[in-house]
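Chain by chain, the residues run as shown.
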Amino acid sequence: MRKIRSEHGLSEFNERILRGEKVEEMDATPELLDWLEAIAVPPNVDNPPVTGLITRQEYQDMFKDARERTSSGGEANYT
């Protein structure tokens with residue numbers, strides 16, 4: 001999907017994929033086609049309007065104020 005997005009950007013090609021249309025010009029594995037079918041946006045679905053506003057600072061403050069509720073129980077190893 002990353003390759004498709006990088007080559008086609010926010011184009012009609014990608015819109016067709018997100019609508020669940022079959023795109024013959026795309027070279028995709030059966031697994032990718034199954035995944036694309038699963039994420040397709042159902043027809044006639046409108047997103048609700050966005051109401052409210054949050055500033056960048058408020059967004060960042062939410063992460064600073066959040067408390068971790070689980071722990072790895074020891075030193076974290078990210079390698």
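All of these numbers come straight from a predicted model, not from anything done at the bench.

A. Local environment of the overall build of the protein chain. From N to C terminus, the protein chain includes four helices and zero strands. Counting every position in the protein chain, which comprises 79 residues, the buried fraction comes to 10%. Considering only intrachain contacts with a sequence separation of at least 6, the fraction spanning at least 24 residues in the protein chain is 10%.

B. Region of the structure containing the nonpolar core. Grouped together as the largest cluster of nonpolar side chains are seven residues: Ile4, Phe13, Ile17, Val23, Met26, Leu32 and Leu36. Where this core is concerned, the elements lending two or more residues are helix H2 (12-18) and helix H3 (30-39). Not counting residues within four places of it along the chain, the set of residues in contact with Ile4 comprises Gly9, Phe13, Asn14, Ile17, Met26 and Leu32.

C. Structural detail: the pattern of salt bridges. Scanning all chains against the criterion turns up three salt bridges. Between Arg19 and Glu12 there is a salt bridge whose closest N-O contact spans 2.8 Å. Looking at Glu12, the relative accessible area reads 47%, which means it is partly exposed. The exposure class assigned to Arg19 is partly exposed, which follows from its relative accessible area of 42%.

D. Representation of the confidence of the model for the protein chain in the model. Averaged over all residues, the pLDDT of the protein chain is 78; the fraction at 70 or higher stands at 84%. Within the protein chain, the element-level pLDDT minimum falls on helix H1 (residues 2-8), averaging 74, and the maximum on helix H4 (residues 56-65), averaging 87.

E. Main features of the environment of Met26. Within the secondary structure layout, Met26 lies in the loop between H2 and H3. Judged by relative accessible area, Met26 falls into the buried class, the value being 13%. When the C-alpha positions of Met26 and Ile4 are compared, they lie 8.5 Å apart, and in sequence the two are 22 residues distant. Setting aside residues no more than four positions away along its own chain, Met26 makes contact with Ile4, Phe13, Ile17, Leu33 and Leu36.

F. Structural context of the packing of aromatic side chains. Enumeration according to the criterion identifies one aromatic pair in this entry. With centroids separated by 5.3 Å and ring planes inclined at 70°, the aromatic side chains of Tyr59 and Phe63 adopt a geometry described as edge-to-face. Placement of the pair is Tyr59 and Phe63 together in helix H4, with a separation of four residues, close to one helical turn. Note on Tyr59: relative accessible area 46%, which makes it partly exposed.

About the thresholds
Residues numbered from 1 in each chain as written. Predicted model: local features only at pLDDT ≥ 70, side-chain atom pairs only at ≥ 80, totals over all residues. Heavy atoms only, no water. Helix = DSSP H or I, 4+ residues; strand = E, 2+ residues; numbered from the N terminus. Buried < 20%, exposed > 50% of the residue type's maximum accessible area, 1.4 Å probe, protein only. Contact = heavy atoms within 4.5 Å. Core = buried A, V, L, I, M, F, W, Y, C linked by side-chain atoms within 4.5 Å. Salt bridge = Lys/Arg side-chain N within 4 Å of Asp/Glu carboxyl O. pLDDT = per-residue confidence, 0-100. Phe/Tyr/Trp six-rings, centres within 6.5 Å; stacked < 30°, edge-to-face > 60°.

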